[in-house]
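# Examination of the molecular architecture
Each chain, letter by letter, is given below.
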Amino acid sequence: MIEFKAVNKTYDDGHQVLKNLNLKINEGEITVLIGPSGCGKTTTMKLINRLIAPSSGEINIHHENIAAIDPIKLRRKIGYVIQNIGLFPHMTIAQNIGVVPRLLKWDKERINARVDELLTLVGLDPHIYRNRYPSELSGGQQQRVGVVRALAANPDLILMDEPFSALDPISREQLQDELVRLQQEIKTSIVFVTHDMDEAIKIADTIVIMKDGEIVQSGAPEHILRHPANDFVKSFIGAKRMQALQMQMEPIVDDVMVENPATTYPSRGLAYAVKLMEKRKVDSLLVVDKNNKLLGSVSIYQVLDQYKDETKLVADVMKPIQYAVSSGTTLTAALNMMNEHQLSNVPVIKGKHEFVGLITKGSMVSYMTDLYAVDAVGGESHAVH
Amino acid sequence: MKLETNGVLALLQYMSENATTLLGLTLEHIIMVLLGLALALLVGVPLGVLSAKHERLASVILSAANILQVIPSLALLALLMMFLGLGFKTIVVGLFCYSLLPIIRNTYVGLKEIDPHINEAGKGLGMSNWQLLVKVQLPLSLPFLMAGFRIAAVIAIGVATLAPLIGGDGLGREIYAGLNMRNSLKIYAGAIPAALLAIIADVALGKLQSKLKNKHNKPQPEQKQLPLTEQDKAMTA
Ligand SMILES: Nc1ncnc2c1ncn2[C@@H]1O[C@H](COP(=O)(O)OP(=O)(O)OP(=O)(O)O)[C@@H](O)[C@H]1O
Ligand SMILES: [Mg+2]
């Protein structure tokens, strides 16, 4: 619904804060902008409600360039929680929450009812807090009021700039849950800025990681955790979380494959092939060259078929490989392939043809035995498909 | 001791005998001051707002008001008299000129003192500039404006005693009459109410000011009164 097209922002002092930003923010999702201090998160957010104008590029909401929308009308439709709470000190809590409804000329009763509803929503008893002034609230309570003030007029887009930063961890978790629940209920689009990766992972549908005014990576939390684009993202995710994740991750073919299956060079004779098969107790061999490039495979049947001809080499009887999986493929994908094509094994390659290992039914059995042995000790369940 | 007691008694007697005249003069004094202040608010607040919104204008407006303020009061009144003639109108304009600076300056400072995040919140929530000014900025700068008003009031009450020199009335009439006739009773009868007026205005407006300030602040140690600047003091002298 929101689209940034080649947006640049250079402040008057010549400091380029956003560099060619291209970003799509999906409707009805929570999109979290995260990155180190000063990377341009707040700037990005303020571009959306036109508190800041881009130096170049355009921003569209529902395919409409916002530069053409009256900023005041635009802002009344967009809820905004500013980074520093920004409650009006001369207004009571009720008046603060009712600001936008009053601007929109709701009638008094409707505003009062809405105020009470919202206060209750964030665990502040309306009877106690309605008529207090912001200075009579704790920082955390003020922040809650700041959040619900943005929700007051049921906007279909809400911008939240570090809305929970002043809260203790418990209320913070509570409000995060509350936000996710609320968002699922009312299907608002939320753009949420945070410094806190845990918070991002918890609430985001899409995480946008920024650094020095550029987007480093964006995607679902799951995707970013599994496939961090670079070391910066990794460091941002944090080593601990990466490890924890690895534990829960779906196994990939590299975990399961036999790393030194029986291989032969194409220049070998058929007698050698038979001997090798006998020794390794296998019914086929993979054919590789000296650079470990996978050339094909030979089965015991092909060898025996031509065995009488002493001039024949492995190269003459081998068949090209039809199916292989890349290193890093999930085990599920490999299994599906084997089922679909009735394969008893499938080689794993790296890059274009470098042979690294072989998935066989036997290798899977032994992998799973290992896994369950670990389980019995660790008591944790691992997802195996 | 006895003489002093006699003096006070004589003064009280004089004042009660001439109560109607004195009350009339006091009332006139108050009216002049209020008119001058009202004009100053009417003109000063918008100029203060303008200054706060446009830094370039601010230096022009504030220096102009400053110049007005540093002209000695008698000289200013004399100058005004040349243009406006003698009378009530002239003294009101004079009082207006003297009240202008504290009001412009305090409106300006009050608006500048507002936490920029508050302004941003107002804008971000969709207030127009006018709504932001009326609903947020002016209410928040009210304690400052009140302080300016208080200074202006005290100055104006003082300057208004010069009114008779340019054909006005007020408590100054009694003082000048006393001076001319070398009648100290008359001088006291004019000067004491004028001083009381200034003190009452100062205290009452001071109370109002701290009430405004504390309305939305946590109870906190008594706010220090904004001290009069050297210049303000010189003016009231
Ligand atoms: N009005 C301004 N004029 C000049 N530079 C600015 C202005 N506002 C922000 N900047 C600069 O732009 C950069 C990005 O600021 P921004 O507020 O977007 O960062 P942020 O990612 O929100 O940081 P934080 O996490 O600390 O809130 C910073 O280097 C900041 O100093
Ligand atoms: Mg920020």
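Residue positions are counted from 1 within each chain, in the order its sequence is given. Both sets of labels track the order of writing: A upward for chains, 1 upward for ligands. Local features in a predicted model are, by the rule used here, given only for residues with pLDDT of at least 70; side-chain atom pairs are given and counted only at 80 or more, and totals for whole chains, interfaces and linings are based on all residues. Heavy atoms throughout the structure, all of them, feed into the side-chain values; hydrogens and water do not.

### Observations concerning the UniProt feature "domain: ABC transporter" (unreviewed entry) in chain A
Convention followed: UniProt positions are given in the numbering used here, feature names are shortened, and annotations may be inferred rather than shown by experiment. A run of H or I in DSSP becomes a helix once it reaches four residues, and a run of E becomes a strand once it reaches two; helices and strands are each numbered from the N terminus.
According to UniProt, the "domain: ABC transporter" (unreviewed entry) feature falls on residues 2-237 of chain A. The straight-line gap between the two end C-alpha atoms of residues 2-237 of chain A is 26 Å; of that span, 40% is helix and 25% is strand.

### Quick look at the side chain of Glu199 of chain A
To be explicit about the condition: Contact criterion: two residues are considered in contact whenever any of their non-hydrogen atoms come within 4.5 Å of each other.
Tracing the backbone shows Glu199 of chain A in helix 9 (residues 197-203). If we skip the residues at most four places from it in the chain, Glu199 of chain A touches Phe164, Arg172, Gln176, Phe192 and Thr194 of chain A.

### Considerations on the layout of surface pockets
Residues and elements named next belong to chain A. What counts, and what does not: Points on a 1 Å grid, built from protein atoms alone, make a cavity when a 1.4 Å probe fits but cannot get out and make a pocket when they are open with protein on both sides within 12 Å along at least 5 of 7 lines; residues with an atom within 4 Å of a point are the lining residues. Grid points are joined across faces, edges and corners, and a volume is the space filled by probe spheres set on the points. Classification convention: Asp, Glu, Lys, Arg as charged; Ala, Val, Leu, Ile, Met, Phe, Trp, Tyr, Cys, Pro as nonpolar; all other residues, Gly among them, as polar.
Each pocket or cavity is described by its volume, and for the largest pocket that value is around 760 Å³. As for the largest pocket, its lining consists of 26 residues, and the residues nearest its centre are Ser284, Leu286, Ser297, Ser344 and Asn345. Elements supplying a minimum of two residues to the lining of the largest pocket: strand 12 (284-288), strand 13 (294-299), helix 15 (300-306), strand 15 (345-350) and strand 16 (354-360). In the lining of the largest pocket, the residues fall into 14 nonpolar, nine polar and three charged.

### A word on the sheet that holds strand 15 of chain A
So the rule is basically this: Strand pairing is assigned whenever DSSP identifies at least 2 bridges connecting the two strands.
The sheet built from three strands is open, its strands ordered 14-15-16 (chain A) with mixed pairing. At either margin of the open sheet sits one strand with a lone partner, and together these are strand 14 (325-326) and strand 16 of chain A.

### Here's the deal with the coordination of the magnesium ion (ligand 2)
All names here are of chain A. Counted only if it meets this: Note: metal donors comprise N, O and S atoms at 2.8 Å or less from the metal (3.2 Å for Na, K and Ca); water molecules are not included, so apparent gaps in a site are possible. Throughout this description, buried means an accessible area under 20% of the type-specific maximum (1.4 Å probe, protein chains only), exposed means over 50%, and partly exposed covers the range between.
Taken together, the protein donors to the magnesium ion (ligand 2) comprise Thr42 (OG1) and Gln83 (OE1), at separations of 1.8 to 2.4 Å. With Thr42 in helix 1 (residues 41-48) and Gln83 in the loop between strand 6 (78-81) and helix 3 (93-97), this residue pair connects regions lying 41 residues apart in the sequence. The partly exposed category is assigned to Gln83, whose relative accessible area is 32%.

### Topic: the site of ligand 1
Residues and elements named next belong to chain A. Where we set the bar: When at least one non-hydrogen atom of a residue lies within 4 Å of a molecule or strand, that residue is treated as near it. In the analysis that follows, any N or O atom pair within 3.5 Å is treated as a polar contact, provided that within protein one partner can donate a hydrogen and the other can accept it, and provided that, for residues neighboring in sequence, both atoms belong to side chains. Each accessible area is a Shrake-Rupley estimate made with a 1.4 Å probe; only the visible protein chains count as cover when residues are assessed.
The immediate surroundings of ligand 1 are formed by 14 residues, with Ser37, Gly38, Lys41, Thr42 and Thr43 found nearest. Cys39 is positioned with one of its backbone polar atoms (N or O) 3.2 Å from an oxygen atom of ligand 1. Here ligand 1 has 630 Å² of accessible area as a free molecule, and 66% of this is covered by the chains. Among the elements that line the shell around ligand 1, the one with the most residues is helix 1, at three residues. A class-by-class count of the residues in the shell around ligand 1 yields three nonpolar, eight polar and three charged.

### So, the nonpolar core
Which entries qualify depends on this criterion: We call a set of buried Ala, Val, Leu, Ile, Met, Phe, Trp, Tyr and Cys residues a nonpolar core when their side-chain atoms join them within 4.5 Å.
Of all hydrophobic cores here, the largest spans 135 residues; its most connected members are Ile2, Phe4 and Ile48 of chain A. Broken down by element, this core gets its largest block of residues, 14 residues, from helix 7 (residues 129-159) of chain B. Phe4 of chain A has contacts with Leu21, Asn22, Leu23, Ile25, Thr44, Leu47, Ile48, Glu58 and Ile59 of chain A, leaving out every residue within four places of it along the chain. Of all hydrophobic cores here, the second largest spans 14 residues; its members include Val253, Ala334, Leu343 and Met364 of chain A.

### Some words on helix 4 (residues 73-84) of chain B
All names here are of chain B. Where we set the bar: Each residue after the first adds 1.5 Å to the expected span of a helix. As used here, the arc is the angular range of directions from the helix axis to the C-beta atoms.
Given a rise of 1.5 Å per residue, 12 residues ought to cover 16 Å, and the 16 Å separating the end C-alpha atoms of helix 4 matches this to within 8%. Taken as a whole, helix 4 has its buried residues at Ser73, Leu76, Leu77 and Leu80. Across the axial projection of helix 4, the buried residues extend over an arc of 95°, all falling on one side. In the core, the buried residues of helix 4 are packed alongside helix 5 (88-113) and helix 7. Of the residues one or two after helix 4, Gly85 is the one with positive phi, at around 80°.

### Points about the UniProt feature "domain: ABC transmembrane type-1" (unreviewed entry) in chain B
Taking the numbering used here, the UniProt-annotated feature "domain: ABC transmembrane type-1" (unreviewed entry) corresponds to residues 26-209 of chain B. Between the end C-alpha atoms of residues 26-209 of chain B the distance is 25 Å, and the span holds 86% helix and 0% strand.

### A few points about the confidence of the model for chain B
All names here are of chain B. Our working rule: A residue's pLDDT is simply how confident the predictor is in it, with values from 0 to 100.
The share of residues in chain B with pLDDT of 70 or more is 89%, and the mean pLDDT across the chain is 85. Mean pLDDT values over the elements of chain B span from 47, in helix 10 (residues 230-236), up to 94, in helix 6 (residues 116-124). Predicted confidence is poor over residues 219-237, with pLDDT under 50, and the contacts of this stretch with residues over four places away or in other chains come to 24 contacts.

### Brief notes about the interface of chain B and chain A
Using the following cut-off: Here the buried area means the combined drop in accessible surface, using a 1.4 Å probe, for two parts upon being joined, counting both sides. Any Lys or Arg side-chain nitrogen located within 4 Å of an Asp or Glu carboxyl oxygen qualifies as a salt bridge.
Chain B puts 20 residues into the contact, and the matching count from chain A is 23 residues. In total, about 2000 Å² of surface goes out of reach between chain B and chain A, with carbon and sulfur atoms giving 65% of it. Three residues stand out in chain B for area buried against chain A, namely Glu120, Leu125 and His216 of chain B, and they jointly supply 30% of the buried area on that side. At the junction of chain B and chain A, the tally comes to one salt bridge. A salt bridge links Lys46 of chain A to Glu120 of chain B, with the shortest nitrogen-to-oxygen separation between them at 3.0 Å. Linking chain B with chain A are six residue pairs in polar contact (both at pLDDT 80 or more). Listing elements by their share of the side of chain B that touches chain A, those giving two or more residues are helix 6 and helix 7 of chain B. The element contributing the most residues to the side of chain B that touches chain A is helix 6 of chain B, with seven residues. Its residues assigned to classes, the side of chain B that touches chain A shows seven nonpolar, eight polar and five charged.

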